[in-house]
Amino acid sequence: SSRTSLSSDKLLQFISSLSMFDRYHFSEDARIITSTVPGPESEELLRAQEELEGDNISYPKGIPIAFDKAKGAIVTDVDGNMYIDFFSSCGVLNLGHNNSDILDELKKYPDTIIQAVDFPTKARIEFSKKLLDSLPEEMRGQYKVNFGGPTGSDAVESAIKLARINTKRHGMIAFQGGYHGMTAGALSVTSKLSHRKDAPPLIPGVHFFPYCSPYRCPFGRNKPDGCDFECVDFFQNALENPHSGIDKPAAIIIEPIQGEGGTYIPKEGWLERIVDIARKNGVLVIFDEVQAGFYRTGKLFSFEHTKAIPDIITMSKGIGGIGFPLSLILYKKELDVWKLGTHIGTFRGSQLGMIAGLAAMNLVEKLDIKSHVKLVGNLMHKRLLNVQDKFDFIGEVRSSGLMFGIEYVKDRSTKEPDAELAKKVRKLAYENGLLVEIGGYCDNVVRFLPPLVITETLAHNGLNIFEKVNAMCQNE
Ligand code: PMP
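Note that this is a predicted model, so its numbers are computed, not measured. (Residues numbered from 1 in each chain as written. Predicted model: local features only at pLDDT ≥ 70, side-chain atom pairs only at ≥ 80, totals over all residues. Heavy atoms only, no water.)

Peer 1: Lay out the packing of helix α13 (residues 369-390) against helix α15 (residues 456-475) in plain terms, naming residues and giving numbers.
Peer 2: With their axes 11 Å apart at the nearest point, α13 and α15 run at an angle of 15° to one another. Between α13 and α15, the angle falls in the class roughly parallel. As for how α13 packs across α15, the hand of that crossing is right-handed. When α13 is examined against α15, the residues Leu375, Val376, Leu379, Met380, Arg383, Leu384, Val387 and Lys390 are found in contact with a partner set consisting of Glu456, Ala459, His460, Leu463, Asn464, Phe466, Glu467, Asn470 and Gln474. Partitioning the contact of α13 with α15 into residue classes produces nine nonpolar, four polar and four charged. (Axes fitted to C-alpha atoms, helices over the stretch in contact; angles between N-to-C directions. Helix = DSSP H or I, 4+ residues; strand = E, 2+ residues; numbered from the N terminus. Parallel < 35°, antiparallel > 145°, perpendicular 65-115°, else oblique. Left-handed = near helix turned anticlockwise from the far one by under 90°. Contact = heavy atoms within 4.5 Å. Nonpolar A, V, L, I, M, F, W, Y, C, P; charged D, E, K, R; others polar.)

Peer 1: Now, about the sheet that holds strand β8 (residues 284-288): what can you tell me, with residues and values included?
Peer 2: Two pairing modes exist for strands in a sheet, parallel and antiparallel, and in both the strands are linked by backbone hydrogen bonds. In spatial order, the strands read β4-β10-β9-β8-β7-β5-β6; together these seven strands make up an open sheet with mixed pairing. Each edge of the sheet is formed by a strand with only one pairing partner; in this case those strands are β4 (143-147) and β6 (206-209). Mean inter-strand twist for the sheet, computed between neighbouring axes without regard to direction, equals 20°. Pairing of strand β7 (residues 251-254) with β8, which is carried by four bridges, proceeds in the parallel orientation. (Pairing = 2+ DSSP bridges.)

Peer 1: I'd love a proper account of the environment of Ala199, names of residues and values included.
Peer 2: Tracing the sequence through the fold places Ala199 in the loop between α9 (193-196) and β6. Of the residues examined, Ala199 reaches a relative accessible area of 22% and is grouped as partly exposed. Spatially, the C-alpha atom of Ala199 lies 35 Å from that of Asp411, the residues being 212 residues apart in sequence. (Buried < 20%, exposed > 50% of the residue type's maximum accessible area, 1.4 Å probe, protein only.)

Peer 1: Describe in detail the sheet that holds strand β1 (residues 67-71), supporting the description with residues and values.
Peer 2: Read across the sheet, four strands follow the order β1-β2-β3-β13 without closing on themselves; strand pairing throughout is mixed. Edge positions in the open sheet fall to β1 and β13 (434-435), since each of these has one partner strand only. With three bridges connecting them, strand β2 (residues 74-77) and strand β3 (residues 82-85) associate as antiparallel partners. Following the sheet pairing, Ile74 is matched in β3 by Ile84.

What follows is the structure, encoded as structure tokens:
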């Protein structure tokens, strides 16, 4: 009847208006049901943790929460509160928590060998092929993959070692604001002094150079048209001046977009120039894609937004598909000079990570997640610029894809960092049902790394909470 066809038309309309990403999430909104957070059950677990684990715990100090369940961009705590997750367990859950399609894929491998050191398995070969085939066209067929221990730091250690073996040099050039991990080699190329302070002697011969961070240009050239890439000349001088005092390094290591440093995105052309200078001087180029990689910025690698091409790439975080620890490096075939067993380790064969990682890459293609990242990223960026208009304490909003940095300042003209305010925003956001992260050179940047499958509705609802929280800060 016409009544039926009308209602089925409406139904179809309704269904197509729903985002195809809806089904990946628990709910389309946050919900705080306890009178305060943390609720009583969370409090109990947090207390127990403090007793058992000691003072090195970090995240729960900023967001005192005890998690229970998670799906998509929604996580619940043990008291039944629901939060919109703009944090993704530190930028790991790119395809969302417990992505049902990836979980289904894992079920197709009952009794799979779960850990297989570096023996070949079908999953391992398929995963490696898919990853290498996904390299930008001009790089395809020219790289190899090497799996290391399961963390981002492990990938960085492998990259440093491979560069040293190839060049027979030991020094490294790293960049201010860069974060590469906590193991001795990775920490040696990480710039944050508070991380380095109590470490044992770090590897020698590491020098740090200014990163292109226009908002906080170390050369004071922060006007949009005032930059002449002095930092590039400075870098070039260090490599080419016979009196630079810096022995030629094995490699430079660089994040094409800095993550922990505060979502700093270099100006167009900067990365290419740094890479050209390194290459001209026989210095290898390592791009650390641990955080900005795996589609976070709308492309598999964040360097794909530039024309720069690396010799070695590090990857971890997202590549395990749904949070399985997995890490690797990709490197040019001609660098493959290391001998059997030069760089080994037990956990180089997580089958679950490889099955899930492969499923994740396939899903990104099937659902055109790259376009989704671009779409939702643009919407969120625009909305954040509106929020910035309302609050003087937001100095700058930066983003690439679904990687955001909102920089808090005491005064827009002096740009004096306001770390306390960033902390307060994180706390109030949590109390109102939104999880965010803090980073930045001065710990004054609120960072968002939402799952890439986040719906427009969830993104907006999260930003509603964010805006409300900023208004609360202003009114105090
Ligand atoms: N490199 C980058 C760019 C990172 O963001 C991180 C982690 N935040 C690492 C390396 C280190 O990874 P992991 O913590 O797994 O050792």
